[in-house]
Amino acid sequence: MESNSQKWTIFYAAVGHMTMHMFAAFYFVIVLAIEDDWKFSYNELINLWFLGSLFVGLGSLPAGWLSDRWSRSGMMAIMFVGLGLSSILCGFSNTKSTLFINLSLLGLFCSIYHPAGISWIVNTSKETGRALGFNNIFGGVGVGLGAFIAGILIEQYSWHAAFILPGIISLFIGIGLIWHIKSKKISLKNIISEKFSENPEPNQYLKIAIIMLISITCMAFVFHILQTSLPKTIDIRLSANMDLSTSEIGYIVSAIYVVSGLMNYVGGILADKFSEKIIYAIGIIGQGCLLLLIISLANYWLIAICLLIVAFNSSILPAENLLLARFAPEKYQSLVYGIKFIIAFSIGPIALVLISKSYELTNEFSYLYLALGIMMLCLFIIILTLPVKKQALAA
């Protein structure tokens, strides 16, 4: 029974991660079709996601608190149902104001996954890095799948269908999870692990907190700016020469995130075997160097290098979560993850403003990519000063 329960937990955690990222990302492709349909500018329409992207971050803290105090599996069920209903409402939106409200609801329900889902995995797995890496694959797949499905549904039907059909699927998944909880195949009560019980020295907490806060912020800027701007960058730089449609841009973005998402599993295995700090630092300097290469690229290499940047960004997430698990007091673990994702996803609206302003002023994002590259190279130096106990470095 316990084995079956763990299998269903792994299944719903993985599907939940995929679903959350799919719903958080597919608007960046759908907006291109709405731009043609409604005849509003790109920067006007992309800003409709502002409050939703803010809620993805701000909702993480109450979601983490409720997950600890009540139930992680119960919060996951609420997420599936809420994402389904809000996405369906987005599909029926016919004005900017209604779409803004419904996208904001979508962002609020997206906020549930990371504090609830990551704690769910950390407290039920033996090889935690491998488990986190496996689960994180589905996050990258979700981003790619969102672009892919949106592209197909827009091409075959309309942008309305690109919201409504995924919403219906999420609703049914949520009903399935509720059934498994009610039939006792998944525990409503939280499982608590005794792993990661050793904490840093008291005099190191402030230094660790500052370094990790800076790192999470920088990683989030790269994630959000690249995820949001990549479809438009490909549209600007490659569409004329390659004659790309909206759906084809969606396929390219999908491929980038699906392939790079597979690197999460490799990153998780490496984080179990080697120093999380070293794995983390290598991924950060890799992103910094590659971001400087895409400043003005306008050929096939743009796609290849963007894939590598996203791969580095996603593959070191297991190492980051393991570092946080080692540093956080056990009873505050979900709270720490909640704080992490408040920071990580609250960067979303800031990134959105930067992207919108960059496009308004230059019709491009080159200066943003330059700033990100320099920022990540500086972060690499900072991460090298992170104090980690020797026993945490061993496999």
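Further up the page is the structure itself.
A few points on the structure.

Calculation criteria
Residues numbered from 1 in each chain as written. Predicted model: local features only at pLDDT ≥ 70, side-chain atom pairs only at ≥ 80, totals over all residues. Heavy atoms only, no water. Helix = DSSP H or I, 4+ residues; strand = E, 2+ residues; numbered from the N terminus. Rg over C-alpha atoms; globule rule 2.2 N^0.38 Å. Buried < 20%, exposed > 50% of the residue type's maximum accessible area, 1.4 Å probe, protein only. Contact = heavy atoms within 4.5 Å. Areas by Shrake-Rupley, 256 points an atom, 1.4 Å probe, with all protein chains shown as cover. Lys, Arg positive; Asp, Glu negative; His and termini not counted. Charge placed at Lys NZ, Arg CZ, Asp CG, Glu CD. Salt bridge = Lys/Arg side-chain N within 4 Å of Asp/Glu carboxyl O. Core = buried A, V, L, I, M, F, W, Y, C linked by side-chain atoms within 4.5 Å. Axes fitted to C-alpha atoms, helices over the stretch in contact; angles between N-to-C directions. Parallel < 35°, antiparallel > 145°, perpendicular 65-115°, else oblique. Left-handed = near helix turned anticlockwise from the far one by under 90°. Nonpolar A, V, L, I, M, F, W, Y, C, P; charged D, E, K, R; others polar. Phe/Tyr/Trp six-rings, centres within 6.5 Å; stacked < 30°, edge-to-face > 60°. Expected span 1.5 Å × (residues − 1). Bend = angle between axes of the 7 residues up to and from the residue. Patch = residues over 30% accessible without salt bridge, like charges linked within 9 Å, V, L, I, M, F, W, Y side chains within 5 Å.

**So, the overall build of the protein**
So, point 1. Check the secondary structure of the protein and you find 19 helices and zero strands.
So, point 2. Taken against the 2.2 N^0.38 rule, which gives 21 Å for 395 residues, the C-alpha radius of gyration of the protein at 20 Å falls within 12% of a compact globule.
So, point 3. Based on the C-alpha atoms only, the size of the protein along its principal axes is roughly 55 × 50 × 30 Å.
So, point 4. Counting every position in the protein, which comprises 395 residues, the buried fraction comes to 57%.
So, point 5. For the protein, the share of sequence-separated contacts (at least 6 apart) that also reach a separation of at least 24 residues comes to 85%.
So, point 6. Working note: accessible area of the protein is about 16100 Å², and carbon and sulfur atoms make up 70% of it.
So, point 7. Seen as two clouds, the 23 positive and the 20 negative side-chain charges of the protein have centres 11 Å apart.

**Topic: the side chain of Lys232**
So, point 1. Note that Lys232 resides in helix 11 (residues 205-242).
So, point 2. Residue Lys232 is classed as buried on the basis of its relative accessible area, which comes to 6%.
So, point 3. Those residues within four positions of Lys232 in sequence are excluded, and the remaining contacts are Leu32, Glu35, Tyr42, Tyr359 and Phe365.

**A word on the pattern of salt bridges**
Note on pairing: side chains with opposite charge can pair once their charged atoms come close.
So, point 1. Counted by the stated rule, this structure contains six salt bridges.
So, point 2. Note that Asp68 and Arg72 form a salt bridge whose closest N and O atoms lie 3.5 Å from each other.
So, point 3. On the basis of relative accessibility, which here comes to 23%, the residue Asp68 falls in the partly exposed class.
So, point 4. The salt bridge involving Lys340 is made with Glu320; its shortest N-O contact spans 2.7 Å. Of this pair, Lys340 sits in helix 17 (residues 333-362) while Glu320 sits in helix 16 (residues 317-327); the two residues are 20 residues apart in sequence, bridging distant segments of the chain.
So, point 5. What makes Glu320 buried here is its relative accessible area of 2%.

**Examining the environment of Ile282**
So, point 1. Within the fold, Ile282 resides in helix 14 (residues 276-293).
So, point 2. For the pair Ile282 and Ile383, spaced 101 residues apart in the sequence, the C-alpha separation amounts to 10.0 Å.

**A closer look at the nonpolar core**
So, point 1. Counting residues in each nonpolar core, the largest one holds 115 residues, and the members touching the most others are Tyr27, Ile30, Phe163 and Ile294.
So, point 2. Ranked by residue count, the leading element in this core is helix 11, at 14 residues.
So, point 3. When residues no more than four places from it in sequence are discounted, the contact partners of Ile30 are Ala150, Ile154, Trp159, Ala162 and Phe163.

**Digging into the environment of Leu89**
So, point 1. Tracing the backbone shows Leu89 in helix 6 (residues 72-91).
So, point 2. For the pair Leu89 and Trp179, spaced 90 residues apart in the sequence, the C-alpha separation amounts to 24 Å.

**Points about the packing of helix 6 against helix 10 (residues 159-182)**
So, point 1. Two numbers describe how helix 6 lies on helix 10: the axes approach to 7 Å, and their chain directions differ by 160°. On the basis of their axis angle, the class for helix 6 and helix 10 is roughly antiparallel. You can see that helix 6 and helix 10 cross each other, and the crossing is left-handed.
So, point 2. Considered class by class, the residues forming the contact of helix 6 with helix 10 number 17 nonpolar, nine polar and no charged.

**Observations regarding the packing of aromatic side chains**
So, point 1. Tallying each qualifying case throughout the model produces 15 aromatic pairs.
So, point 2. Relative to Tyr12, the ring of Phe11 lies with its centre 5.0 Å away and its plane at 75°, an arrangement referred to as edge-to-face.
So, point 3. Phe11 gets classed as partly exposed once you look at its relative accessible area, which sits at 40%.
So, point 4. A centroid spacing of 6.2 Å and a plane angle of 85° characterise the contact between Trp159 and Phe163, whose relative ring orientation is edge-to-face. In this pair, Trp159 and Phe163 both sit in helix 10, four residues apart, roughly one turn of the helix.

**A word on helix 11**
Within an α-helix, residues lying three or four positions from one another point in the same direction, as the helix has 3.6 residues per turn.
So, point 1. The end-to-end C-alpha distance of helix 11 is 52 Å, a good match for the 56 Å that 38 residues give at a rise of 1.5 Å each.
So, point 2. The sharpest bend along helix 11 measures roughly 45° and falls at Leu230, with the proline Pro231 sitting one to four residues further on.
So, point 3. Positioned one or two residues after helix 11, Asp243 has a phi angle of 55°, which is positive.

**Concerning a nonpolar patch on the surface**
So, point 1. There is a patch of nonpolar side chains on the surface, built from Leu89, Phe100, Ile101, Leu105 and Leu108 and spanning about 390 Å² of accessible area.
So, point 2. Broken down by element, the nonpolar patch gets its largest block of residues, four residues, from helix 7 (residues 96-110).
So, point 3. Positionally, Leu105 belongs in helix 7.

Note that all results are geometric; they support no functional claim without further evidence.
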